[in-house]
Amino acid sequence: MRQRAKGSNVDETSPSHSSENKERAATGSCHFIVFGLLVIVGLLAAIYFLLPPTSDVREGPQFTGAYAVNDDLQKGARLFEGNLPGPESFAIDKDGNLYTGLSDGRVVKIDLTTETYTLVTRIGDPPYDKCGQAEMMPHCGRPLGMRFDNDGNLIVADAYKGLFSINPSTGNKELLFKPQKSGDLSCHMWNNPVVLSNGSIFFTCTSNMIAYHRISDPDFSVEEYLWQPHTHNDSGGLFHYNSVTGSTTLVMKEQLFCPNGVSKSSNDDFLVVSDMVRGRIAKYYLKGPKAGKWDTFVSSLPGMPDNITPSKRMPGFWVAIPMVRPNALLDFSYQWSLMQLVQAKLGLINPLDYPNSALHTVVVLFDEEGRVVRSLHDPSGKVVMGATEVVEMDDELIIGSWFAPFMVKLKY
């Protein structure tokens, strides 16, 4: 039975009164939404004006001049398509034989003439039946960067297991450096080595932090690596392995956000190190008055740099850029870890979609002064996808990828 308010002849449940209640509720909701938006804007303003940036990412250069977009990489040819999972890096021995590491833990020797490859060794231990699945990488291993030392041994950085020396003829492997579980010599992704003429080895750690979205999972997997540009983790670094004493030390850590590739100058007087999140390349001095110090080699790249290899035709370096910097907004937000965290939490960014969304890949040749000599592009991923390394082999470029099941050969 309907009730009337005392002293009133108006029925509270009448259509007109119900309409007024709805209007008040709608007005209150609008006020709440506006207030919430003002709070969010205020917080973002505080982040921008009051908190220091976590990195000095600068807006990427425009695709003009030496960086002008072209389709040069699309003139290459895919080899082993569907049968070579994730050839991240390459090494060439003194006889011109080519080697690479695969995402299932295998290290293989490649015959480009017959388009076949043979097994050299496996980084992990048996059983191998599930190798190739991402969750099995900590067991099976994931060989990333590789270079030959002066004695003809293949030096391989495995993402999980550390630094290996492999006899390419017998497949016997020696663990040069076993990661620690904590402290300066711990890491969740060992990445890339370079061997100096004196036998010393420098190698990189990309990150020593499990990404926040899997913080409760004690096992690190490849997904974490894809999140690192969005977490602003500067816990990676550059390490030195002394081949005489067998000791390893951390030599460069400060302000390196996801360091990847490393290479040496033609006379071993400095190293260059990819600083992925910053979109730049750092320079670490080995000789002279600045020995042990570092500065910037290239301050702003059109994308996120991966592996670096020396050019054989000139004193200089090839830099692989698996993905270009998509827009100015992301360039801006890369400077603020909290903004990245909010974007990730809201689902506005998903680095696991990079293979599908960032198809534009670039490789760039620099001289030893950091000047751009040439850039080669595949704007749509038609031939080259997610390029991680470029090596010169006779009159050809060999291009690898961290995820594509093929390699690319390009006349150069």
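All figures in this text were calculated on a predicted structure; none of them were measured in a lab.

*Asks:* What's the story with the sheet that holds strand E2 (residues 90–92) in this structure? I'm lost.
*Replies:* Strand pairing in a sheet takes place through backbone hydrogen bonds and is either antiparallel or parallel in direction. The sheet built from four strands is open, its strands ordered E2-E3-E4-E5 with antiparallel pairing. Whereas interior strands pair on both sides, the edge strands pair on one side only; in this sheet they are E2 and strand E5 (116–122). Neighbour to neighbour, the strand axes of the sheet diverge by 25° on average, direction disregarded. The pairing of E2 with strand E3 (residues 98–101) spans three bridges and is antiparallel. Residue Ile-92 lies in a different strand from E3, and its bridge partner there is Leu-98.

*Asks:* Explain the confidence of the model for the chain here, please?
*Replies:* Of the residues in the chain, 71% reach a pLDDT of 70 or more, and the chain-wide mean stands at 81. Predicted confidence is poor over residues 210–226, with pLDDT under 50, and the contacts of this stretch with residues over four places away or in other chains come to 43 contacts. Here residues 348–357 is modelled with pLDDT under 50, and outside its nearest four sequence neighbours on either side it reaches 21 contacts, counting other chains as well.

*Asks:* What exactly am I supposed to notice about the side chain of Asn-192 here?
*Replies:* Along the chain, Asn-192 falls in strand E10 (residues 189–195). Taking relative accessible area as the criterion, Asn-192 reaches 0% and is therefore assigned buried. A distance of 3.2 Å separates a polar atom in the side chain of Asn-192 from a polar atom in the side chain of Asn-307.

*Asks:* Explain the packing of aromatic side chains to me, please; I cannot follow it from the model alone.
*Replies:* Here the distance between the centres and the angle between the planes together describe a pair of aromatic rings. One pass over the structure, following the stated rule, counts 13 aromatic pairs. Ring centres 5.4 Å apart and planes at 70° place the aromatic pair Tyr-99 and Phe-148 in the edge-to-face group. Of this pair, Tyr-99 sits in strand E3 while Phe-148 sits in strand E6 (residues 143–148), and the two are 49 residues apart along the sequence. Aromatic ring contacts, followed pair by pair, group Phe-177, Trp-190, Phe-203 and Phe-239 into a single cluster. One Lys or Arg, Arg-122, reaches over the ring of Tyr-128 and ends 4.4 Å from the middle of that ring.

Conventions used here
- Residues numbered from 1 in each chain as written.
- Predicted model: local features only at pLDDT ≥ 70, side-chain atom pairs only at ≥ 80, totals over all residues.
- Heavy atoms only, no water.
- Pairing = 2+ DSSP bridges.
- Helix = DSSP H or I, 4+ residues; strand = E, 2+ residues; numbered from the N terminus.
- Axes fitted to C-alpha atoms, helices over the stretch in contact; angles between N-to-C directions.
- pLDDT = per-residue confidence, 0-100.
- Contact = heavy atoms within 4.5 Å.
- Buried < 20%, exposed > 50% of the residue type's maximum accessible area, 1.4 Å probe, protein only.
- Polar contact = N/O pair within 3.5 Å; in protein donor to acceptor, adjacent residues only side chain to side chain.
- Phe/Tyr/Trp six-rings, centres within 6.5 Å; stacked < 30°, edge-to-face > 60°.
- Lys NZ or Arg CZ within 6 Å of the ring centre and 35° of its normal.

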